[in-house]
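Per-entry structural report
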Amino acid sequence: MDNDITQPDPSRQRNGVVEGLYGEFTDSLNAKVRYSVSLTESALTIQKISSPGQDEVVFHLADCLGCRAYKVEDEADVGAFFTAYFYPFKRRWISTGMARQKVEQCFRVALVQDPLTNLQEAERWARAIREASIRQIPRRHDVKYYEVRRPCRVMVLVNPQSGRGQALQLFSGQIEPMLTEASVPYTLVITEHQNHARDLVRETDLSQWDALVILSGDGLLFEVLNGLLEREDWEEAIQTPLGILPGGSGNALAASVHHYTKSPPAWGKELLLSCGFLLCKGLVTRLDLVSVHLASSQRIFSFLSLAWGFVADVDIESEKYRLVGPMRFLVGTLMRLASLKVYQGRLAYLPAHPFTPQNSSLCSSLPCGPNSSPNQNSRHNHSTNSNHNTAHNSSNIAITTMRTEPQPVNQKGPPDSLLADLEQPVPEHWTVVNEEDFVLVLAMFQSHLAEDLFAAPGAAADDGFIHLLYVRAGISRLALLTLFMTMEKGGHLAIGSPHLVYERVKAFRLEPLSPEGAITVDGEMVEYGPVQAQVHEGIARLISG
């Protein structure tokens, strides 16, 4: 045997990746079982030597999270071991469909009687598998990727109260082992009170972290984003890659991130495992943020949604059912349907594209039902300032309610070039919605509103759009329930409801006229009153796939 087996034969390498690496090893638990193991740039292939007729088992390195070499404490054992960690898509054990499932492949190396030589050979295999797996990260052709530095230093922020209060158990039981398998060093921070994370990221030295990861519901990421944008160095700070791990009851961004990978739908712990896998792979994409101006002149930043009416009420009122987890939204929806309300208000928006007959469809890139009549809905229920009396339109959207003591607008963060002052009329080229009676107004910035609510099927993390949906008054309880039931699979835009309108916009303004109500931003209740927002395309970074 070569005296220096830690260095692979240069003739079997290409661009630093070992080609055609082959070895024969015993089972980690049964020395009588031997395997032939071969490594290529894209796969690890395993076959029992004692069963030559048995099919080969092929593990794709795109599904490999890491590989480590080690020696057991038994000094009498001269062998060493290497274990590769794979998370391939496999059929679920109980329900139908596919989901990522963990598979470990462990081998014992005992080529010679020298423990150090065996350990070096195990380390050679582990290193080759790790390096090959890094180069096999699955990428989508339509997405521009960045990569976090390796090894990635991660701050993991956990809200122990989120969801059913199980966030810490989810971290220690599922995420911590994955980080170890992928050799990702991390620091765990347990939040102690509201805005703890916001204050922390606003003041901390971010140079010591390559990524900030949130294990909680969407509210904790809302804190982190706004803390980053309150920093003096916000332009640099907002480039810090952000990871999301579902630990709350909504988990909308986590569901959206999973959806963007074009993987089969996942919920609960399967969704957590999927997001943990993406975190350890370390691919980063751009993320749109939306600046939201409130009546008090406060400006906040959102990554997910703004809701008024039915959706906001369900979000707030379902807090009392938090212990049932994601089911709380279903319970809240049924309760609110029993006492369905109509909300009065004024709505205007800046279309993503100028209005023409060719691009006015409610579902421009989505399938629509034959009875949806999207062009009719758009033309009959909207007006554009440039085609109507400007004074009349401005009175329809100007602020008429009492305002609280104004606070200075947060001047940090990107400027809002599309928005006029809230006390001024909307620009003339905006579209003003004629009707004033709504069941809900929902502005979506990602695909999912919750794990099981696929609210904006055409959305992407960095598409540069606000996906604006509103439901006009007059819809029946049954029709509204049908909308939300079909939203589970993103079919609500295709059922042809005459009361549902969908538009892709760049900015919007909403003025509630009903004296009581709720507005939520990323699931958090904000000041009730006039509000406007605009999208800032791709200014943040999101660990995705």
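Structure report, in brief. Counting restarts for each chain: residues are numbered from 1 in the order of the written sequence. Predicted model: local features are reported for residues with pLDDT of at least 70 only, side-chain atom pairs are reported and counted for 80 or more only, and whole-chain, interface and lining totals are derived from all residues. Computation of side-chain values: all heavy atoms of the structure, hydrogens and water removed.

1. Details of the layout of surface pockets
Here a cavity is any set of points on a 1 Å grid over the protein atoms alone where a 1.4 Å probe fits but cannot get out, and a pocket is any open set with protein on both sides within 12 Å along at least 5 of 7 lines; a residue lines the site when it has an atom within 4 Å of a point. Grid points are joined across faces, edges and corners, and a volume is the space filled by probe spheres set on the points. Volume-wise, the second largest pocket comes out at about 420 Å³. Lining the second largest pocket are 21 residues, and of these Gln166, Leu170, Gly248, Gly268 and Lys269 lie nearest its centre. Here a strand is any run of E in DSSP of at least two residues, a helix any run of H or I of at least four, and the numbering for each starts at the N terminus. Among the elements of the structure, helix H2 (167-181) and helix H7 (268-281) are those that each provide at least two residues to the lining of the second largest pocket. The element that contributes the greatest number of residues to the lining of the second largest pocket is H2, accounting for five residues. Taken together, the residues of the lining of the second largest pocket sort by class into six nonpolar, eleven polar and four charged. Three classes are used, and their members are as follows: Ala, Val, Leu, Ile, Met, Phe, Trp, Tyr, Cys and Pro are nonpolar, Asp, Glu, Lys and Arg are charged, and the others, Gly among them, are polar.

2. Quick word on H7
A helix's residues, less one, multiplied by 1.5 Å, set its expected span. When the terminal C-alpha atoms of H7 are compared, their 20 Å separation across 14 residues agrees well with the 20 Å that a helix rising 1.5 Å per residue should span. Any residue under 20% of the maximum accessible area for its type is buried, any over 50% is exposed, and the rest in between are partly exposed; the area is computed with a 1.4 Å probe on protein chains only. All buried positions along H7 are accounted for by Leu271, Leu272, Leu273, Ser274, Cys275, Gly276, Phe277, Leu278, Leu279, Cys280 and Lys281. Where H7 terminates, the next one or two residues include Gly282, which has phi positive at roughly 80°.

3. Comments concerning the side chain of Thr240
Relative to the elements of secondary structure, Thr240 occurs in the loop between helix H5 (234-237) and strand S16 (242-246). On the basis of relative accessible area, Thr240 is assigned to the buried category, the value being 9%. Apart from the residues lying within four places of it in its own chain, the contact partners of Thr240 are Leu206, Ala211, Leu212 and Arg541. By definition, residues are in contact when any of their heavy atoms lie within 4.5 Å.

4. So, the pairing of strand S3 (residues 21-27)
With five of seven residues buried, S3 is to be regarded as a mostly interior element. Strands are labelled as partners when DSSP assigns at least two bridges between them. Between S3 and the antiparallel strand that follows it, strand S4 (residues 34-39), lie six residues. Sheet topology note: the S3/strand S11 (residues 103-109) ladder contains two bridges and is antiparallel. Bridge pairing in S11 links Asp27 to Phe107.

5. Comments concerning the environment of Asp522
Mapped onto the elements, Asp522 comes out in the loop between strand S26 (519-521) and strand S27 (524-526). Take Asp522: its relative accessible area is 3%, and that puts it in the buried class. Residues Asp522 and Leu449 lie 73 residues apart in sequence; the distance between their C-alpha atoms is 9.1 Å. Each residue touching Asp522, except ones within four places of it in the same chain, is listed here: Asp218, Phe222, Phe301, Ser302, Phe303, Leu304 and Ser305. Think of a polar contact as two N or O atoms within 3.5 Å of one another; within protein, one of them needs to be a possible hydrogen donor and the other a possible acceptor, and neighboring residues in sequence only count if both atoms come from side chains. One polar contact links Asp522 to Ser302, side chain to side chain, over a distance of 2.6 Å. A polar contact of 3.2 Å, which involves the side chain of Asp522, links it to the backbone nitrogen of Phe303.

6. Notes on unusual backbone geometry
Of note in this structure, Ser297 is not a glycine but carries a positive phi near 75°. Structurally, the position occupied by Ser297 is in the loop between strand S17 (283-293) and strand S18 (299-302). The phi angle at Asp522 is positive, at roughly 55°, despite the residue not being glycine.

7. Considerations on the packing of aromatic side chains
Pairing of aromatic rings covers Phe, Tyr and Trp, the last through its six-membered ring, and needs centres within 6.5 Å; plane angles under 30 degrees mean stacked, over 60 mean edge-to-face, and all others mean tilted. The tally for this structure, following the rule as stated, stands at 14 aromatic pairs. On the basis of an interplanar angle of 85° and a centroid distance of 5.3 Å, the ring pair of Phe25 and Phe82 is categorised as edge-to-face. One end of the pair, Phe25, is in strand S3; the other, Phe82, is in strand S8 (residues 80-86), and 57 residues separate them in sequence. Relative to Phe107, the ring of Phe25 has its centre 6.4 Å away and its plane inclined at 45°; by these criteria the two rings are tilted. Here Phe107 lies in strand S11 and Phe25 lies in strand S3, a separation of 82 residues in the sequence. Taking relative accessible area as the criterion, Phe107 reaches 1% and is therefore assigned buried. One aromatic cluster in this structure is built from Phe25, Tyr35, Phe82, Phe107 and Trp125.

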